[in-house]
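# Analysis of the macromolecular model
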Amino acid sequence: MKILIAGASGFIGKSLVSALAPSYKITVLGRNKRRLKEIFPEQSAIDFPGLATEPIENYTVVINLCGESIDKRWTVQQKAKIISSRVEPTEKLANWVLRSPTPERIRFLNASAVGIYGLNTIQNTEDTLIKTQEHCFLQQVVSEWELTVEKKLKNKINYTLMRFGVVLKKQQGMLKKLELPYKLGLASILGHGKQQISWIHIEDLVRAIDFVVKNATFLGPVNMVAPEVITQKSLCQVLAQALD
């Protein structure tokens, strides 16, 4: 099986390529082909202009992880970049897979997030009715991202919307940013501390994606999270103990 992974240079992408490479033939896609070859010297690498000549019929699965990090200050310009960095590559990839002479054999796995459910305190599942929350930027981002996939591929290509929780990996992502404040004793519980955090460890996320790759029956939204939701207060307490 040959898989194309877009956005492979992020910490999720690096872990995924490392895990899948022994079992599949991997091509990595990004904005900078030279940088990709430096990171993944053993994998084929192409940039977005290269999609024009890349034969889609060689691939069975396309995994899209493209997207600007959300952990920067949300200025008007940064918000626009967060959305466009997801929507535009997704449109390009969708247009590419639609060129396939055998669309029924192509699968499109698109990253998404549990932010689609907005800010609430219920246990959300894939069947939860999503209610638009006017001032929830993360919900807006994910909604536009998923809608792009649906508009382009619905009834044409089989697709899966992989709704990630907060992805945890030592010295990466959220944990990397939280480590210094905790070590300095400057971290604190925010407000009442009851804010819910759906999370997943990077190793479990990679296994979940691999499971979906192997099982073509997983279509539409799939929540990729740990079985239990943790509160911000509980997370603070666990991190404080772990870093003590």
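For the structure given in this document, a descriptive report is provided here. These numbers were taken from a predicted model, which means no experiment stands behind them. (Residues numbered from 1 in each chain as written. Predicted model: local features only at pLDDT ≥ 70, side-chain atom pairs only at ≥ 80, totals over all residues. Heavy atoms only, no water.)

Let's shift gears to the environment of N32. As for its position among the elements, N32 is in the loop between β2 (25-30) and α2 (33-39). Between the C-alpha atoms of N32 and D47, which are 15 residues apart in sequence, the distance is 6.1 Å. Within the structure, N32 has its side chain in polar contact with the backbone nitrogen of R35 (distance 3.0 Å). (Helix = DSSP H or I, 4+ residues; strand = E, 2+ residues; numbered from the N terminus. Polar contact = N/O pair within 3.5 Å; in protein donor to acceptor, adjacent residues only side chain to side chain.)

For any two helices packed against each other, the geometry is given by the interaxial angle and the distance between the axes. Running from amino to carboxyl end, helix α1 (residues 11-20) crosses helix α6 (residues 202-214) at an angle of 60°, the nearest separation of the two axes being 10 Å. Taken together, the axes of α1 and α6 lie oblique to each other. Both α1 and α6 take part in a crossing whose hand is right-handed. Residues F11, I12, S15, L16, A19 and L20 of α1 form the contact with α6, whose participating residues are I202, L205, V206, I209 and D210. Among the residues making up the contact of α1 with α6, the classes are represented as nine nonpolar, one polar and one charged. (Axes fitted to C-alpha atoms, helices over the stretch in contact; angles between N-to-C directions. Parallel < 35°, antiparallel > 145°, perpendicular 65-115°, else oblique. Left-handed = near helix turned anticlockwise from the far one by under 90°. Contact = heavy atoms within 4.5 Å. Nonpolar A, V, L, I, M, F, W, Y, C, P; charged D, E, K, R; others polar.)

Here we take up the side chain of S100. Mapping S100 onto the fold places it in the loop between α3 (76-97) and β5 (107-113). Within the local environment of S100, its side chain forms a polar contact with the backbone nitrogen of T102, the two atoms lying 3.1 Å apart. In contact with S100, other than residues within four places in its own chain, are I56 and I106.

With that settled, the discussion passes to the environment of F48. Assignment of secondary structure puts F48 in the loop between β3 (44-47) and β4 (61-64). Accessibility expressed as a relative area gives 14% for F48, which makes it buried. For the pair F48 and L93, spaced 45 residues apart in the sequence, the C-alpha separation amounts to 8.7 Å. With near-sequence residues (within four places) excluded, F48 lies in contact with L29, G30, R31, C66, P89, K92 and L93. (Buried < 20%, exposed > 50% of the residue type's maximum accessible area, 1.4 Å probe, protein only.)

To continue, consider the sheet that holds β2. Read from one edge to the other, the open sheet built from seven strands follows the order β3-β2-β1-β4-β5-β6-β10, with strand pairing classed as parallel. Unpaired on one side and paired on the other, β3 and β10 (220-224) mark the two borders of the sheet. Put simply, the sheet's adjacent strands are angled 20° from each other on average, direction ignored. With five bridges joining them, strand β1 (residues 2-6) and β2 adopt parallel strand pairing. By the bridge assignment, I3 is partnered in β2 with I26. In this fold α1 packs onto β1, β2, β4 and β6 (158-164), with an angle of close to 165° to the strand it touches most, β1. The sheet contacts of helix α4 (residues 137-153) involve β4, β5 and β6, and relative to β5 the element is tilted by about 165°. (Pairing = 2+ DSSP bridges.)

Let's shift gears to the pattern of salt bridges. A full pass over the atoms with the stated rule returns four salt bridges. Across the pair R163 and E146 runs a salt bridge, and its minimum N-O distance is 2.8 Å. Separated by 17 residues along the polypeptide, R163 in strand β6 and E146 in helix α4 bring together distant segments of the chain. Comparing R163 with E146, the two get one shared label, buried. For R207, the salt bridge is made with D204, and the minimal N-O distance between the two is 2.6 Å. Here the residue R207 and the residue D204 both occupy positions in helix α6, the gap between them amounting to three residues, near one helical turn. Assessed through its relative accessible area of 53%, R207 is described here as exposed. Judged by relative accessible area, D204 falls into the partly exposed class, the value being 38%. (Salt bridge = Lys/Arg side-chain N within 4 Å of Asp/Glu carboxyl O.)

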